[in-house]
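One letter stands for each residue in the lines below.
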Amino acid sequence: MIKMIKHDFSLKSLNTFGLDVKADRYFSFTNIDELKDFIQDPKIDLNEILILGGGSNILFSKNYSGLVLHPNIDFIKKIEENDIEIFIEVGSGVNWDTFVKYCVKNRYYGTENMSLIPGNVGATAVQNAGAYGTEAKDLIIYVKAFDLYENKEIILHNSDCKFEYRNSIFKTDSYKNRVLITSIVYKLSKISKYQAKINSYKGNGFKKQYFFWKEFIHHLSRSVNIKSVGKKSILDYRFLKNLLEDSGLLSLDLKRRIVIKTRTSKLPDIEKLGNVGSFFKNPIITIEKSEKLKRDYPNVILFPYVEGYMKVSAAWLIDQCGLSGERIGDAATLKHLPLTIVNYGKATSNDILNLADKVEKGVLSKFDIILEKEVVIV
Ligand SMILES: Cc1cc2nc3c(=O)[nH]c(=O)nc-3n(C[C@H](O)[C@H](O)[C@H](O)COP(=O)(O)OP(=O)(O)OC[C@H]3O[C@@H](n4cnc5c(N)ncnc54)[C@H](O)[C@@H]3O)c2cc1C
């Protein structure tokens, strides 16, 4: 059956800001053959295509006057496995958290820290999505895609994807809206990091037992860090990080539940309050700049990045500028999490963009630091 293009199509349920925008034309497909057939049509202008996943990282500045392609490729397939690891191919239209749930249920380790990130599998590679110390790049083996311009299927291995913090080759001009991700192959572990460490220990019998208990006590002492349990998200994060990454003592299901509880206590529910999670990225600054910041503001929140660079908390910067809870129309930065901009109901894209502009200017003038948007503006 030939699928039809839809005209004047509402994207309200396909953007988590909940903006009432329309696409001039919209086409959704469930497999690569449908896409190939569709793209043969000589009337299609490839320059006006927008690829849309779950719309949880997109801000529509107005109605979209071109063609929206919405991959609805929905499958989860085991490719290969042994006692220790498994390779799974997942269609780009699968909801990301559905895949995490599948992994946790089957006791495949890797995705659990990224529980409840909204959106679909395809964009995890575009954004190099991540949470609580895990990023998509840590799990992706290769990405299958369709080059709309060359009209051919391609494969990009992990190193081809040029993953960085919330960035990848798919965001560059030569790939953006030209190369459509159709599926992703992830490698997951069938044993915990902790178990892998124990297994890798070469000793036998008593020595192995001794090693096991030494590791156990070490991780237990690091996990139970009462001082770190506080109301501030950064403290929750560190506590969670200890628990999730170091202890290895939690079941996968419990890890997922802790992540979900932490996230839902911080982030607004997209069903009730439109948002795209972090509107801004945490800026990357040089070590020298971070040291100066630390001298001037001893309470500055910094995260290690690559050698010579640190990330500074965008939320902290915005808060220091007195812009937490700032509101323009129905768009506002959250008081307790100011790098998230929410739609209190009737916000227009202009309200959101004007507010973002105000925040960016505030941070630039006080700290001489450029805030880069994490959200994709269309
Ligand atoms: C409440 C909330 C919490 C969030 N928390 C996090 C978090 O913890 N960590 C995090 O990293 N992100 C987070 N996000 C942001 C967002 O969920 C992720 O970036 C997610 O991966 C985006 O997926 P999506 O399918 O919605 O992408 P979309 O918003 O639809 O698209 C994002 C970009 O990817 C492109 N794209 C989408 N699908 C494809 C495809 N198949 N092929 C090629 N290009 C494609 C689009 O053109 C666009 O440029 C959060 C968002 C919300 C609303």
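This one's a predicted model, so the numbers in the text were calculated from it and none came from an experiment.

Time to look at the nonpolar core. By size, the foremost hydrophobic cluster in this structure holds 46 residues, and its most contacted members are Leu11, Phe279, Phe280, Ile341 and Ile352. A total of six residues in this core trace back to one element, the largest contributor, which is helix α10 (residues 349-367). Counting contributing residues, this core receives three or more from each of domain 1 (6-71) and domain 4 (274-377). Dropping the residues within four chain positions of it, Leu11 is found in contact with Leu19, Val21, Lys22, Ala23, Tyr26, Leu52, Phe60 and Val68. Core analysis: the second largest hydrophobic core is formed by 36 residues, Ile88, Ala131, Ala145 and Phe170 among them.

The next subject is the site of the ligand. Taken together, 34 residues lie around the ligand, and Ile51, Gly53, Gly54, Ser56 and Gly130 are the ones closest in. For the ligand, an oxygen atom lies 2.6 Å from a polar atom in the backbone of Ile51. Taking Asn120, its main chain carries an N or O atom lying 2.8 Å from an oxygen atom of the ligand. Out of a free accessible area of 980 Å², the ligand has 95% covered by protein chains. Of all the secondary structure elements, the ones that give two or more residues to the shell around the ligand are α3 (121-127), β8 (130-131) and β12 (179-189). Here the residues of the shell around the ligand are counted per class, giving 17 nonpolar, 15 polar and two charged.

For the rest of this paragraph, the subject is the environment of Ala347. Considering the arrangement of structural elements, one finds Ala347 in the loop between β19 (341-343) and α10. The exposure class of Ala347 is buried, given its relative accessible area of 7%. The spacing of Ala347 and Leu19 is 328 residues in sequence and 7.8 Å in space, taken between C-alpha atoms. Dropping the residues within four chain positions of it, Ala347 is found in contact with Leu19, Asp330, Ala331 and Ile352.

Counting buried positions over the eleven residues of β12 gives nine, a clear majority of the element. In the sheet, strand β7 (residues 85-91) pairs with β12 via seven bridges, with the strands oriented antiparallel. Bridged to Glu85 within β12 is Ser189.

Our focus in this paragraph is the packing of aromatic side chains. Using the criterion set out here, one finds 15 aromatic pairs in the structure. Here the aromatic residues Trp96, Phe99, Tyr102, Tyr108 and Tyr186 are joined through ring pairs into a cluster of three or more. The ring of Tyr149 has Arg178 lying over it, and the distance from NZ or CZ to the ring centre is 3.8 Å. Taking NZ or CZ as reference, Lys311 lies 3.9 Å from the ring centre of Tyr165, over its face.

Once that is clear, we can look at unusual backbone geometry. The phi dihedral of Arg107 falls on the positive side, at around 60°, and the residue is not glycine. Relative to the helices and strands, Arg107 is located in the loop between α2 (96-105) and α3. A positive phi angle, near 70°, is found at Leu116, a position not held by glycine. Within the secondary structure, Leu116 is located in the loop between α2 and α3.

We now examine the sheet that holds strand β5 (residues 64-71). Ordered by their spatial adjacency, four strands build an open sheet running β1-β2-β5-β3, and the pairing between neighbours is mixed. Of all strands in the sheet, those with a lone pairing partner are β1 (6-10) and β3 (49-51), marking the two edges. Averaged over all pairs of adjacent strands, the angle between strand axes in this sheet comes to 45°, irrespective of strand direction. Pairing analysis gives six bridges linking strand β2 (residues 22-29) to β5, with the strands arranged parallel. For Ser28, the partnering residue across the bridge sits in β5 and is His70.

All right, on to the pattern of salt bridges then. The final tally for this structure, using the stated rule, is 21 salt bridges. Between Arg25 and Asp24 there is a salt bridge whose closest N-O contact spans 2.9 Å. With relative accessibility at 17%, the residue Arg25 sits in the buried group. Overall, the relative accessible area of 34% leaves Asp24 in the partly exposed class.

For the pair α2 and helix α7 (residues 252-266), interaxial distance at closest approach is 9 Å and the crossing angle is 150°. Classified by the angle between their axes, α2 and α7 sit roughly antiparallel to one another. Taken together, the residues of α7 that come into contact with α2 (itself represented by Asp97, Val100, Lys101, Cys103 and Val104) are Leu252, Asp253 and Arg256.

Now for the sheet that holds strand β16 (residues 309-312). A sheet is described by the order of its strands in space; here three strands give the open sequence β14-β16-β15, paired in antiparallel fashion. Strand pairing shows two members of the sheet lacking a second neighbour, β14 (284-286) and β15 (302-304), which therefore form its edges. Each neighbouring strand pair of the sheet contributes to a mean axis angle of 40°, computed without reference to strand direction.

This part is about a nonpolar patch on the surface. Together, Ile284, Val306 and Tyr309 make up an exposed nonpolar region whose accessible area comes to about 260 Å². Topologically, Tyr309 is positioned in strand β16. On the basis of relative accessible area, Tyr309 is assigned to the partly exposed category, the value being 38%.

Parameters and conventions
Residues numbered from 1 in each chain as written. Predicted model: local features only at pLDDT ≥ 70, side-chain atom pairs only at ≥ 80, totals over all residues. Heavy atoms only, no water. Core = buried A, V, L, I, M, F, W, Y, C linked by side-chain atoms within 4.5 Å. Buried < 20%, exposed > 50% of the residue type's maximum accessible area, 1.4 Å probe, protein only. Helix = DSSP H or I, 4+ residues; strand = E, 2+ residues; numbered from the N terminus. Domains from an automatic or database assignment. Contact = heavy atoms within 4.5 Å. Near = heavy atom within 4 Å. Polar contact = N/O pair within 3.5 Å; in protein donor to acceptor, adjacent residues only side chain to side chain. Areas by Shrake-Rupley, 256 points an atom, 1.4 Å probe, with all protein chains shown as cover. Nonpolar A, V, L, I, M, F, W, Y, C, P; charged D, E, K, R; others polar. Pairing = 2+ DSSP bridges. Phe/Tyr/Trp six-rings, centres within 6.5 Å; stacked < 30°, edge-to-face > 60°. Lys NZ or Arg CZ within 6 Å of the ring centre and 35° of its normal. Axes fitted to C-alpha atoms, helices over the stretch in contact; angles between N-to-C directions. Salt bridge = Lys/Arg side-chain N within 4 Å of Asp/Glu carboxyl O. Parallel < 35°, antiparallel > 145°, perpendicular 65-115°, else oblique. Patch = residues over 30% accessible without salt bridge, like charges linked within 9 Å, V, L, I, M, F, W, Y side chains within 5 Å.

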